[in-house]
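Residue strings, one per chain:
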Amino acid sequence: MKRPVALVALLVLPFLAHHAGATEPVKPPLGGLLTRGVPNSTEAPYLGGFAIVPSWRDLEPRRGTYDFSFIDQRLATARKYGLGVKFRVIAGTEAPDWAKSIGGAPMPAWDHQRKVQTSIGRFWTADYQSAWRELQSALAARYDSDPTVREINISGTGVISAEVMLLMANDKSPVTGKTNGSYWLAAGYTEAQRRAALVADIDFMASRWSHTRLDLGLHPIQSLDSTGRVSSSPTATLEIYDAARAAHPGLIAFNTGFGMPVINGQQAALRSIYDGVFARKAPMDLQTLNLGAGMGDETTVLNWAASHGIMSLELPSGKEWLRWNSSLLNSTNAKLKSNATAAAPPSKSDATAPELRVTSPTADSTVASGPVTISGTATDDNQVVRVAVGIRNASDQWLQDDGSWGVGETRTLRPAELTTVGAKSTSWTTSWTPTERGSYAVVAVVGDGSGNRTSSNRIHFTVG
Ligand SMILES: [Ca+2]
């Protein structure tokens, strides 16, 4: 059955605005020394840029009401000095109260870094993550095409920071006498839900930030089991990282605990993660420990980062680093920038977008209830690295990760399985089990290894 033409055009437009246009180049990664605060005219000449670190509550004091002044003021400074920036939005204890109240009253939380009693919401739940996605959609709509904004941290499941592998679940409040994790378990936390939320956040960020590189904070990932036990595993971290990189090849590894303890192997588990990233010849950004927290000798630390291919290095908080040898600062800044250039994807050499075909379901077909196979083929002049699908219902809503239907443009791309990841030609498949009969449409998106993406037309089908 055909829809009226005008209606079809109206429905398709928001999708096209984000995803059509055969080629969408990704901006180069940020290189050089960075500060964590806004630099002044004395600092700027030593830097490649700085991190903009807003709290979620600064940006969205009421749900759907955004205040971007925190970011815009800092972007003006970056432009004045010709610097780049990376975004790191802090959720968790820095979420607005309305987000902390999704699914129940905010839970007490102890922030061991600031040593303050605060509160947190149910960061592992689909409803909380759905609110986070609204913010990220608004941010991406405003800043994804801004050439000054080069990277953004994946941070939607963070607890007191963007360090998404850390839980701080064992931290015990001297005020309540209870651990942070004990409140979460009482509110229904499961490790499986939290892991799924982390992976979905990575996929969602990649679907929204088409032009901006993503940073994933790596630590030995902490897990909280149902008995309250916390464990950590660098092996599991690399497994998550590999899966995320396979789906999103431009992903940048990031760690906030860099300093002498990593270099000399004292932090063995963390060092094994660094070595894993280096073995994969993958791009990495670092933040140093603070000087009071054991960063160690600056000459050794800066030279090690520069000689290990690190792209950007966030200096310790404060102004102490301005007293360091200026030729050390200048040479490190230059080497990090050249590392970033070397690690950038071949943007000019790959102007050819990938192509794909959906072979199942066929257009305007009727399929039986039960699992629907969504499959097809994809080709590229270099390599096909990712295919994902979005499913739309007859009410013009996109299927979400949790099986619900979202309004408007909010969509979730479900990764398909590729027969051969990285080949010039591959078949791909995924399946979806509708819970109701009715009319649906599927859209598939293919990505090559250089950040080019192409989406299919909508394939309408009926579940009869
Ligand atoms: Ca290509």
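Analysis parameters
Residues numbered from 1 in each chain as written. Predicted model: local features only at pLDDT ≥ 70, side-chain atom pairs only at ≥ 80, totals over all residues. Helix = DSSP H or I, 4+ residues; strand = E, 2+ residues; numbered from the N terminus. Rg over C-alpha atoms; globule rule 2.2 N^0.38 Å. Buried ≥ 20, exposed ≤ 12 C-beta atoms within 10 Å, placed from the backbone. Pairing = 2+ DSSP bridges. Axes fitted to C-alpha atoms, helices over the stretch in contact; angles between N-to-C directions. Parallel < 35°, antiparallel > 145°, perpendicular 65-115°, else oblique. Left-handed = near helix turned anticlockwise from the far one by under 90°. Contact = placed C-beta atoms within 7 Å. Nonpolar A, V, L, I, M, F, W, Y, C, P; charged D, E, K, R; others polar. Expected span 1.5 Å × (residues − 1). Arc of directions from axis to C-beta. Domains from an automatic or database assignment. Core = buried A, V, L, I, M, F, W, Y, C linked by C-beta atoms within 7 Å.

## Notes on the overall build of the protein
Line of reasoning, step 1. Each helix and strand counted, the protein has twelve helices and 24 strands in total.
Line of reasoning, step 2. Taking 2.2 N^0.38 as the reference for a compact globule, 464 residues should give roughly 23 Å; the C-alpha atoms of the protein span a radius of gyration of 23 Å, in line with that estimate.
Line of reasoning, step 3. Dimensions along the principal axes, computed over C-alpha positions, put the protein at roughly 70 × 55 × 40 Å.
Line of reasoning, step 4. Across the 464 residues of the protein, 45% fall into the buried class.

## Brief notes about the pairing of strand β21 (residues 425–432)
Line of reasoning, step 1. Looking at chain direction, strand β15 (residues 372–379) and β21 are connected through eight bridges and run antiparallel. The residue of β21 that forms the bridge with T373 is S431.
Line of reasoning, step 2. Direction of pairing for strand β20 (residues 417–418) relative to β21: antiparallel, over a ladder of two bridges. Paired with L418 across the two strands is W428, which belongs to β21.

## Examining the sheet that holds β21
Line of reasoning, step 1. Spatially, four strands are ordered β13-β15-β21-β20 in an open sheet, and the strand pairing comes out antiparallel. With one partner strand each, in any of the chains shown, β13 (355–360) and β20 form the two edges of the open sheet.
Line of reasoning, step 2. Across five bridges, the pairing between β13 and β15 is antiparallel. When the bridges of β15 are listed, V358 appears paired with G376.

## A short note on the packing of helix α8 (residues 234–247) against helix α10 (residues 268–279)
Line of reasoning, step 1. For the pair α8 and α10, the least separation of the axes is 9 Å and the interaxial angle reads 30°. Between α8 and α10, the interaxial angle falls into the category roughly parallel. Note that α8 runs across α10; the crossing there is right-handed. Contacts between α8 and α10 involve P234, T237 and L238 on the former and, on the latter, A269, S272, I273 and G276.
Line of reasoning, step 2. Residue classes in the contact of α8 with α10 are distributed as four nonpolar, three polar and no charged.

## With respect to the environment of H211
Line of reasoning, step 1. Positionally, H211 belongs in the loop between α7 (191–208) and β7 (213–217).
Line of reasoning, step 2. Using a count of 17 C-beta atoms within 10 Å as the deciding quantity, one classes H211 as partly exposed.
Line of reasoning, step 3. A C-alpha to C-alpha distance of 37 Å links H211 and N264, two positions 53 residues apart in sequence.

## Points about α8
Line of reasoning, step 1. Its 14 residues give α8 an end-to-end C-alpha distance of 20 Å, which sits within 8% of 20 Å, the value for a rise of 1.5 Å per residue.
Line of reasoning, step 2. Burial in α8 covers these residues: P234, T237, L238, Y241, A244, R245 and A247.

## Structural notes on helix α11 (residues 298–307)
Line of reasoning, step 1. Turning to α11, its buried residues are E298, V301, L302, A305 and A306. The arc that holds the buried residues of α11, viewed along the axis, is 125°, so those residues lie on one side. The exposed residues of α11 that point more than 90 degrees off its buried face are T299 and S307.
Line of reasoning, step 2. Summarising the contacts, the buried residues of α11 are in contact with α9 (260–263), β11 (284–288), β12 (312–314) and α12 (326–343).
Line of reasoning, step 3. Of the residues one or two after α11, G309 is the one with positive phi, at around 80°.

## Concerning the environment of G217
Line of reasoning, step 1. Tracing the backbone shows G217 in strand β7.
Line of reasoning, step 2. On the basis of neighbour counts, which here come to 23 C-beta atoms within 10 Å, the residue G217 falls in the buried class.
Line of reasoning, step 3. Sequence separation between G217 and A253 is 36 residues, and the spatial gap between their C-alpha atoms is 6.3 Å.
Line of reasoning, step 4. Not counting chain neighbours up to four residues away, the residues in contact with G217 comprise N153, A162, E163, V164, M165, F254, N255 and T256.

## Side note on the domain arrangement of the protein
Many structure descriptions define interface size as the accessible area lost when the parts assemble.
Line of reasoning, step 1. Taken as a whole, the protein is organised into domain 1 (25–348) and domain 2 (350–463).
Line of reasoning, step 2. One C-alpha centre belongs to domain 1, the other to domain 2; they are set 30 Å apart.
Line of reasoning, step 3. Contact residues are listed per partner, giving 17 residues for domain 1 and 14 residues for domain 2.
Line of reasoning, step 4. Listing elements by their share of the side of domain 1 that touches domain 2, those giving two or more residues are α5 (126–143), α7 and α8.

## Quick word on the nonpolar core
Line of reasoning, step 1. Core analysis: the biggest nonpolar cluster contains 90 residues, and L33, L216, A253, I310 and L313 have the highest contact counts within it.
Line of reasoning, step 2. With residues up to four places along the chain from it excluded, the contact list for I310 reads M284, D285, L286, A305, L336 and N339.

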